Amino acid sequence: MAKALSDLELTRQSMESLGKGGVITLLVEMMMGNLENKAASLGALQNLATYEPNKQRLAQTGAVPIILDHLYSLHFPSNIRESAAAILQQLVSNNDNVFLIDENGDELDLDKILQDLLMRIQDNFFSNSLMIQKQVMLALLGLVSPRDAHETRKIFSDAHGVTILLPFLKHGDVEIRNVVVQILYCMLGESGDEICHFIMTTTKLIGLFSMYLHEGVQEEVQAAAVGILSRMPVAETNLTLELMEQNILPMLLHRIRHGSPNLKENAMGALLRFTLPLDIQIQKKVVDLGIFQALRGLIKSGTTKAKIRAVIALRNLSESTMQLSTPRKLSGCFFCILRKPPTVC
C-alpha cells in the first residue's frame, strides 16, 4: 500500500480522506521497519504532505525528529534521505515552522535545527545528492523568508549561515544558485554588508547577477537578484561601470515597465545608482533609454517604496538638468540678452 501511495497522483479529496482515515500514523510506524518499509513509507508521506492539513497530522504523530534523523544518517540509502529532505521542505514550504514539533506538540529547538543543517552544508554532508541539497536549501528559504521571521533570521546569521551559503553563488547547479540568491536576499537586513562585499570582491559574480535578468528566469529570483544589487554601495563607481558593461540598464528598465510589483520596486532600487549626478554620460544613457516614461508609470501605479525611489531618481536627474538639456540660441533685442536662456529638454 505504501509503495502505491508514493507513486500515485492523489487528488485533494483522496489525500484528505487518507489523512482522516489514519493512514499517516500507520506510515510513520512503518518508518521503524526495514529499509524497504522505510523507503515506501517516506515516499508515501512525501506525497501526502503536499496537502496542507496532512502536514499537521504528520507533525502531530511526532515524526519530525525521526524524519530529521533519517535525513542526517549516512546508514540509509540516498532515496530514503531524499524523501526525508523533501518532507522537511514541505513542512516549512508555506513560510512557517509551526509544524516543527515533537510528539507532545512542543516546538523543536529551531536553533539546533538550523545549526545542524548549516553545519552539514558546510561539511559537504549533502554533496553526494543534488536532490537533497536542493530540498535542504528550499527548507532554509522557507524558514528565513517570512516577513516576521526576525528571530529565525537572527539565529541563521548567528550560525554564520550567510558565510556558509555565499560560496554556493558559484555552484554548478542553477536551481541551487537560484535558491541561495533568494535566501541571501532575505538576509540583507542582518548581513547586507557581508553579502555585498563578497559579491563585489569575487570574480565574475557581477556578470552572474546580470544573467538573472534574462528571460526565462523566475520573477521571484529576478526580484531577489536585483534586490541584492540595489543594496550595493552606490559610491562604488567601478561596480557601476562593470554593470554598464553587462548591459544591465535596458534589462532593469524593462523590468520596471513589465515586472511584478516587487520586481519593479527592486529594479528601481538597482537603477538609482545610474541616476546619480556623478557621471553625466551615464545619466544621458539612462535618459536616452526612456527612464522618464518608466518613472511616470511607477509614480502612477507602483508600490509606495517604488514611488519613493522614482521620485529620488527624478531629483537626481534634475540636478543635471542644464547638462542633460540643450540651451536655445537667442538673438535680437536688448531684453533677450538680459534674460537667462530658457532650457529645452
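To be clear, the structure that these remarks concern was listed above.
Residues numbered from 1 in each chain as written. Predicted model: local features only at pLDDT ≥ 70, side-chain atom pairs only at ≥ 80, totals over all residues. Heavy atoms only, no water.

Draft legend 1. Inspection of the packing of aromatic side chains at higher detail. Per the stated rule, a full pass over the model turns up two aromatic pairs. Taking the centre distance of 5.3 Å and the plane angle of 80° together, the rings of Phe125 and Phe126 count as edge-to-face. Between Phe209 and Tyr212, the ring centres sit 5.6 Å apart and the planes meet at 75°, which makes this aromatic pair edge-to-face. The pair Phe209 / Tyr212 is uniform in exposure class, with both members buried. In this arrangement the basic side chain of Arg120 is found over the ring face of Tyr72, its NZ or CZ atom lying 3.8 Å from the centre. If you follow Arg120 out to its NZ or CZ, it ends over the ring of Phe125, 5.5 Å from the centre. (Phe/Tyr/Trp six-rings, centres within 6.5 Å; stacked < 30°, edge-to-face > 60°. Buried < 20%, exposed > 50% of the residue type's maximum accessible area, 1.4 Å probe, protein only. Lys NZ or Arg CZ within 6 Å of the ring centre and 35° of its normal.)

Draft legend 2. Inspection of a negative patch on the surface at higher detail. A grouping of Glu103, Asp106, Glu107, Asp109, Asp111 and Glu151 is seen on the molecular surface, where their side chains present a negatively charged patch. Considering the arrangement of structural elements, one finds Glu103 in the loop between helix H7 (78-91) and helix H8 (110-122). Of the residues examined, Glu103 reaches a relative accessible area of 53% and is grouped as exposed. (Patch = residues over 30% accessible without salt bridge, like charges linked within 9 Å, V, L, I, M, F, W, Y side chains within 5 Å. Areas by Shrake-Rupley, 256 points an atom, 1.4 Å probe, with all protein chains shown as cover. Salt bridge = Lys/Arg side-chain N within 4 Å of Asp/Glu carboxyl O. Lys, Arg positive; Asp, Glu negative; His and termini not counted. Charge placed at Lys NZ, Arg CZ, Asp CG, Glu CD. Helix = DSSP H or I, 4+ residues; strand = E, 2+ residues; numbered from the N terminus.)

Draft legend 3. Representation of the nonpolar core. Within the largest apolar cluster, 109 residues are counted, with the highest numbers of intra-cluster contacts made by Leu71, Leu140, Phe156, Leu165 and Leu169. Counting residues per element, this core draws most heavily on helix H9 (residues 130-144), at eight residues. When residues no more than four places from it in sequence are discounted, the contact partners of Leu71 are Arg81, Ala84, Ala85, Leu88, Leu117, Phe125, Phe126, Ile132 and Val136. (Core = buried A, V, L, I, M, F, W, Y, C linked by side-chain atoms within 4.5 Å. Contact = heavy atoms within 4.5 Å.)

Draft legend 4. Representation of the environment of Pro167. Along the polypeptide, Pro167 turns up in the loop between helix H11 (161-165) and helix H12 (174-186). C-alpha of Pro167 to C-alpha of Glu190: the two residues are 23 residues apart in sequence and 18 Å apart in space.

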